[in-house]
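The residues making up each chain are set out below.
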Amino acid sequence: MKRSTFQSPSPEANPYVRLLAEQAFSRAAGAPLIPGNSVRILKDAAENYPAWLDAMRSAEKNIHFESYIISDDDIGEMFADVLTQKARQGVEVRLIYDWLGALGKTSGSYWKRLREAGVEVRCFNPPRLDHPLSWLSRDHRKMITVDGSTGFVSGLCVGHMWAGYPDRAIEPWRDTGIMVKGPAVSDIDRAFADVWSTMGPVLPEEEVSSRSAIHPAGSMTIRVIASVPNTAGLFRLDQLIASVARRSLWLTDAYFLGLTPYVQSLGAAARDGVDVRLLVPGSTDIPVIRALSRAGYQPLLEAGVRIFEWNGPMLHAKTAVADGRWARIGSSNLNLSSWIGNYELDVAVENEDFANDMERMYLEDLSHSTEIVLSRKHTVCPAHITPGRRPRIRGRGKTGIRRAGVGMIRAGRVVEAAITNRRALGPAESRIMVATGLVLLMLALIAVIWPRLLSVPFAALSLWIAAALLLRAFRMRGTRGKPSGHEKKESCSSP
């Protein structure tokens, strides 16, 4: 494959180019550079959980804790013990959990115990009749701040999955987090306050640390990227990083479902000679995601992107490292939910020593992974399978859901290409076009002969949405003339 020979001027060689890059990153992410910080990598629960608990035990003023999942198990009880103890000592302890994340994992008695000890607990986005589609937006962040001076941003939630089950010889999930000290902790704290305010009264301003009140703790310059629904700040930044990477771009993601523009950016970088690598789980807690992710391997592999699958029980980390000088760690996956739909929190670090540490950790992870390649017949297979031989990929075809998910993704891409005429289609893809055409023809016949089979579900959904809109409008009219304030969302005591 022919590589581009053009090399743009190095940003280090031109201060103006560097300034433009910093400005572009700040505007894309909606997050400024913050100097004067120290950042420590924390690998897996073995390093994250002890650091979290030690910091919380030392709290004197407040603890702000936000997590998508806090399981009601031995690990969750360990955290509950520390939180309740600090609350009884007079420390302001505030906790946010996501309703969907806690569903089936945490009992109402767990939250009751925390509240009775003085912990302020808020549940994010429980179901509401007047918001039929609000459940699509989740609080997927994982963060802690202690006394406004120490912050943690992570991919880890709280539960035995991350700690493992040594008695059953089940290894812990692979995940990555960081500990931050310095002025950037203020931005982590403010990100918590912003989500807190969506569920009730805002935090008192004196309870949210300010950058000017925090002394420098190191020499690292970082950005705190607090994504909110429908802003796509991190998506723009990820696109930009893929566009400006000159030497390498190494990605780790738990639930990769790359949008077409991002896949094209990765492919363009690889074709231009950038060493683009993607590390994803080999087995996952959401099997259909793995199937859908694999459905998108082929265009990446054809462009020269190297793909690896983790050999352990679950890879849950969400990280990136580019050119040995830029790195990102946090809660955001490379998929539509994280980029567009959820509240997410990530930290981007611009420091060569830190990026080198991230690269070393990445290479260590690759030593526990299997590379995925294309065979001579352009089928996706592990590298140890003989090229030209049709592989049997682990987990492939075991469930109808996986096969249907892969089929839907592939059919959608073929139909899009056929309609837009963006690329040539081969004989094998003609079968997909025939099958899709027959399905559409069948739906058209149903609409003509038995219209109620389609109209009744549509009418029910329309009725639900109409009732929700009218109810909200009625409530809004009832508040006319009253002073505006924060709309307090309903809280839930149990998922």
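**Some remarks on the confidence of the model for the protein**
- Across the protein, pLDDT averages 84, with 81% of residues at or above 70.
- Segment residues 1-9 is flagged for pLDDT under 50; beyond a separation of four residues in sequence, or across chains, it makes 14 contacts in the model.
- Scored below 50 in pLDDT, residues 484-495 shows 31 contacts in the model against residues more than four places distant or in partner chains.

**A closer look at the nonpolar core**
- Judged by nonpolar contacts, the single largest core of 45 residues is most densely connected at Met56, Phe65, Phe79, Leu83, Leu95, Trp111 and Leu114.
- Of all the elements in the fold, those that place two or more residues in this core are α2 (44-57), β2 (62-67), α3 (74-88), β3 (92-98), α4 (99-102), α5 (108-116), β4 (120-124) and β5 (142-146).
- By residue number, the principal contributor to this core is α2, which donates seven residues.
- For Phe65, the contacting residues outside a window of four places in its chain are Met56, Ile70, Phe79, Leu83, Arg94, Leu95, Ile96, Met143, Ile144, Val158 and Phe192.
- Counting 42 residues, the second largest nonpolar core, distinct from the first, contains Val180, Ala193, Val208 and Val224.

**Notes on the pairing of strand β11 (residues 306-310)**
- Of all five residues that make up β11, four are buried, and the element is covered over most of its length.
- As paired strands, strand β10 (residues 275-281) and β11 are joined by five bridges and run parallel to one another. Paired with Leu278 across the two strands is Ile307, which belongs to β11.
- In the sheet, β11 pairs with strand β15 (residues 369-374) via four bridges, with the strands oriented antiparallel. Note that in β15 the partner of Trp310 across the bridge is Ser369.

**Topic: the environment of Glu22**
- Considering the arrangement of structural elements, one finds Glu22 in helix α1 (residues 15-29).
- Expressed as a C-alpha distance, the spacing of Glu22 and Pro32, which sit ten residues apart in the sequence, is 8.7 Å.
- Setting aside residues no more than four positions away along its own chain, Glu22 makes contact with Leu33 and Arg223.

**Considerations on the packing of aromatic side chains**
- Taken as a whole and judged by the stated rule, the model has twelve aromatic pairs.
- Arranged with centres 5.2 Å apart and planes meeting at 70 degrees, the rings of Tyr262 and Trp339 form a pair that is edge-to-face. Taken together, the positions of Tyr262 in helix α9 (residues 260-271) and Trp339 in helix α12 (residues 336-341) put the pair 77 residues apart, joining distant regions of the chain. Accessibility assignment for this pair places Tyr262 and Trp339 in one class, buried.
- Pairwise contacts between aromatic rings join Tyr49, Trp52, Phe65 and Phe79 into one cluster.
- The cationic tip of Arg168 hangs over the ring face of Tyr165; the distance from NZ or CZ to the ring centre is 4.5 Å.

**Examining the packing of α3 against α5**
- Axis separation between α3 and α5 bottoms out at 9 Å; the angle between their running directions is 20 degrees. When the interaxial angle is binned, α3 and α5 end up roughly parallel. When the axes of α3 and α5 are compared, the crossing they make is right-handed. Where α3 approaches α5, its residues Gly76, Glu77, Ala80, Asp81, Leu83 and Thr84 are matched on the opposing element by Tyr110, Arg113 and Leu114.
- Here the residues of the contact of α3 with α5 are counted per class, giving four nonpolar, two polar and three charged.

**So, the side chain of Ser154**
- Checked against the element boundaries, Ser154 lands in strand β6 (residues 150-154).
- Accessibility expressed as a relative area gives 1% for Ser154, which makes it buried.
- Polar contacts involving the side chain of Ser154 include one to the main-chain amide nitrogen of Leu156, which spans 2.8 Å.
- Among residues more than four places away in sequence, those in contact with Ser154 are Asn48, Trp52, Lys142, Thr176, Gly177, Gly330 and Ser331.

**What to know about the pattern of salt bridges**
- With the rule as written, the count across this model stands at 21 salt bridges.
- Salt-bridge contacts for Arg138 lead to Asp98; the nearest nitrogen and oxygen are separated by 3.1 Å. With Arg138 in the loop between β4 and β5 and Asp98 in strand β3, the pair connects residues that are 40 residues apart, well separated along the chain. Across this residue pair, the class does not change: Arg138 and Asp98 are buried.

**Concerning the packing of helix α8 (residues 233-244) against α9**
- Running from N to C, α8 and α9 point in directions that differ by 15 degrees, and their axes come no closer than 9 Å. Taken together, α8 and α9 sit at an angle that is classed as roughly parallel. The two elements α8 and α9 cross, and the hand of that crossing is left-handed. Every residue of α9 that contacts α8 at Phe235, Asp238, Gln239 and Ala242 is listed here: Pro261, Tyr262, Ser265, Leu266 and Ala269.
- Partitioned by chemical class, the residues of the contact of α8 with α9 number six nonpolar, two polar and one charged.

What counts, and where the lines are drawn
Residues numbered from 1 in each chain as written. Predicted model: local features only at pLDDT ≥ 70, side-chain atom pairs only at ≥ 80, totals over all residues. Heavy atoms only, no water. pLDDT = per-residue confidence, 0-100. Contact = heavy atoms within 4.5 Å. Core = buried A, V, L, I, M, F, W, Y, C linked by side-chain atoms within 4.5 Å. Buried < 20%, exposed > 50% of the residue type's maximum accessible area, 1.4 Å probe, protein only. Helix = DSSP H or I, 4+ residues; strand = E, 2+ residues; numbered from the N terminus. Pairing = 2+ DSSP bridges. Phe/Tyr/Trp six-rings, centres within 6.5 Å; stacked < 30°, edge-to-face > 60°. Lys NZ or Arg CZ within 6 Å of the ring centre and 35° of its normal. Axes fitted to C-alpha atoms, helices over the stretch in contact; angles between N-to-C directions. Parallel < 35°, antiparallel > 145°, perpendicular 65-115°, else oblique. Left-handed = near helix turned anticlockwise from the far one by under 90°. Nonpolar A, V, L, I, M, F, W, Y, C, P; charged D, E, K, R; others polar. Polar contact = N/O pair within 3.5 Å; in protein donor to acceptor, adjacent residues only side chain to side chain. Salt bridge = Lys/Arg side-chain N within 4 Å of Asp/Glu carboxyl O.

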